[in-house]
Amino acid sequence: GEQLAAFRAEDGQAYVVDAYCPHLGANLGTGGRVVGNCIECPFHGWQFRGEDGKCTRIPYAEKVPDFAKVRTWPSCEVNGMLLVWYHCEGVAPTWAVPEQREITTKEWVFRGQTEHFVDAHIQEIPENAADTAHLDFLHGPAILGGSDLRYTRSRLWDFMKHNWKAEWQLEPEPNKHCSHLLVQHSATIFGKHFSLMDLTVSARQVGPGLVFLIFKHAFLGQGIILQTVTPLEPLLQKVVHIIYYQKNVPAIIPKFILRAECIQFERDITIWNNKKYLSKPLLVKEDSGIQKHRRWYSQFYSEKSRRLPVQKEDLDW
Ligand code: FES
Ligand SMILES: [Fe+2]
């Protein structure tokens, strides 16, 4: 629900500021221009410094008032992404996003990305990791069956199955904002183990909307999918998956992994787009991860977190 403008200053540093110019509200992201370490508004040419948002120049005014400022957002550039810290009470960042060394050193290279819009509360998406019971049921049927839930369980694809062994855990201090899902994937064809599809996935959730999924294959190398979830509106999320993979592995391998992940993810999307959030779900003992996940995720809300005006079920967006 925020409009932001991001720019790279001449010193190479990336900055994020409010998109709307405090002068008369023009959008700095549309026609704005980088001048030195400032962004210049396209309407009357006021210039704002990326570092602190201070207005440094008004082309037609004798004096720049002290209070002329645009709001700046704490941001960091890491793993090829520009990330913004959001806190309803304006608290400064309390943790940082780790660097994935292989991306920085270019041992792993960019091999594609997917983008989806999901009609759901942001919390539904990460909650999937703690919901290990859905893996075999929703993600068990072969990816050959696609993601249309009317056909995924069709007998046609019955000869192939995905098997998942998953364990979801919280990380201890000082990484209380992280949780971790370890998944062993294997596939069977006509009941026989097909080792070419053996894959270990370590999915580390860092904060409320970022996941590092590291893939390790016995002989087809390793790489990472970075997943970001960005709330755009109440109950509308933009989800991006970006894959980086070992440079010496043919691009077809990571492309296949991303495609397979995408098919599986779109099965979840159909569920999310059509489900409702239950604050008191009917759970069995084996579902205990879900309540644990909800307690863990509640750390990302604070007193002023926005709520939907008609919200009965006590969820912030
Ligand atoms: S609206 Fe930006 S300078 Fe006037
Ligand atoms: Fe899922």
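Keep in mind that this is a model prediction, so the values were computed, not measured.

Draft legend 1. Representation of the sheet that holds strand S6 (residues 55-57) within the structure. Strand order in the open sheet formed by four strands is S3-S4-S5-S6, with antiparallel pairing between adjacent strands. Both edges of this open sheet fall to strand S3 (33-35) and S6, since each of them pairs with a single strand only. Pairs of neighbouring strands in the sheet enclose a mean axial angle of 35 degrees, with direction left out of account. Relative to S6, strand S5 (residues 47-49) is paired through two bridges, and the arrangement is antiparallel.

Draft legend 2. The UniProt feature "domain: Rieske" (unreviewed entry) in the protein, seen in detail. Here, UniProt's "domain: Rieske" (unreviewed entry) annotation points to residues 1-84. The distance separating the terminal C-alpha atoms of residues 1-84 is 13 Å; by composition the span is 0% helix and 38% strand.

Draft legend 3. Layout of the nonpolar core. Among the nonpolar cores identified, the biggest contains 28 residues, and Val118, Leu213, Phe215 and Trp272 are the most heavily contacted of them. Taken together, the elements giving at least two residues each to this core come down to helix H2 (124-130), strand S12 (178-189), strand S14 (199-206), strand S15 (210-217), strand S16 (222-233), strand S17 (236-246), helix H4 (252-274) and helix H5 (288-297). Looking at which element gives the most residues to this core, the answer is H4, with five residues. Sequence-distant contacts of Val118, defined by excluding residues within four places in its chain, comprise Ile125, Leu235, Leu236, Gln237, Val239, Ile269, Trp272 and Asn273. Grouped together as the second largest cluster of nonpolar side chains are 17 residues, Ala5, Phe7, Ala19 and Leu28 included.

Draft legend 4. Structural detail: unusual backbone geometry. Across the junction of Glu173 and Pro174, the peptide omega takes the value 0 degrees, indicating a cis bond. Residue position: Pro174 is located in the loop between strand S11 (160-170) and S12. Phi is positive for Leu235, which is not a glycine, with a value near 60 degrees. Summarising the element assignment, Leu235 is placed in the loop between S16 and S17. By relative accessible area, which is 37% here, Leu235 ends up partly exposed.

Draft legend 5. Spatial organisation of the packing of aromatic side chains. A complete count under the given rule lists twelve aromatic pairs for this structure. An angle of 25 degrees between the planes, with centres 5.3 Å apart, marks the rings of Phe159 and Phe190 as stacked. One end of the pair, Phe159, is in the loop between helix H3 (133-138) and S11; the other, Phe190, is in the loop between S12 and strand S13 (192-193), and 31 residues separate them in sequence. Residue Phe159 is classed as partly exposed on the basis of its relative accessible area, which comes to 29%. Aromatic pair Tyr297 and Phe300: ring centres 5.2 Å apart, planes at 75 degrees, arrangement edge-to-face. Across this residue pair, the class does not change: Tyr297 and Phe300 are buried. Among the aromatic residues, those joined into a ring-pair cluster are Trp168, Trp296, Tyr297, Phe300 and Tyr301. Sitting over the ring of Trp73, Arg71 keeps its end group 4.0 Å from the ring centre. The cationic tip of Arg153 hangs over the ring face of Phe137; the distance from NZ or CZ to the ring centre is 3.8 Å.

Draft legend 6. How the structure looks around a nonpolar patch on the surface. A surface patch of nonpolar side chains, about 290 Å² in accessible area, is lined by Phe194, Leu196 and Phe219. Checked against the element boundaries, Phe219 lands in the loop between S15 and S16.

How each quantity is defined
Residues numbered from 1 in each chain as written. Chains lettered and ligands numbered in written order. Predicted model: local features only at pLDDT ≥ 70, side-chain atom pairs only at ≥ 80, totals over all residues. Heavy atoms only, no water. Pairing = 2+ DSSP bridges. Helix = DSSP H or I, 4+ residues; strand = E, 2+ residues; numbered from the N terminus. Axes fitted to C-alpha atoms, helices over the stretch in contact; angles between N-to-C directions. UniProt positions renumbered as here; feature names shortened; annotations may be inferred. Core = buried A, V, L, I, M, F, W, Y, C linked by side-chain atoms within 4.5 Å. Buried < 20%, exposed > 50% of the residue type's maximum accessible area, 1.4 Å probe, protein only. Contact = heavy atoms within 4.5 Å. Phe/Tyr/Trp six-rings, centres within 6.5 Å; stacked < 30°, edge-to-face > 60°. Lys NZ or Arg CZ within 6 Å of the ring centre and 35° of its normal. Patch = residues over 30% accessible without salt bridge, like charges linked within 9 Å, V, L, I, M, F, W, Y side chains within 5 Å. Areas by Shrake-Rupley, 256 points an atom, 1.4 Å probe, with all protein chains shown as cover. Salt bridge = Lys/Arg side-chain N within 4 Å of Asp/Glu carboxyl O.

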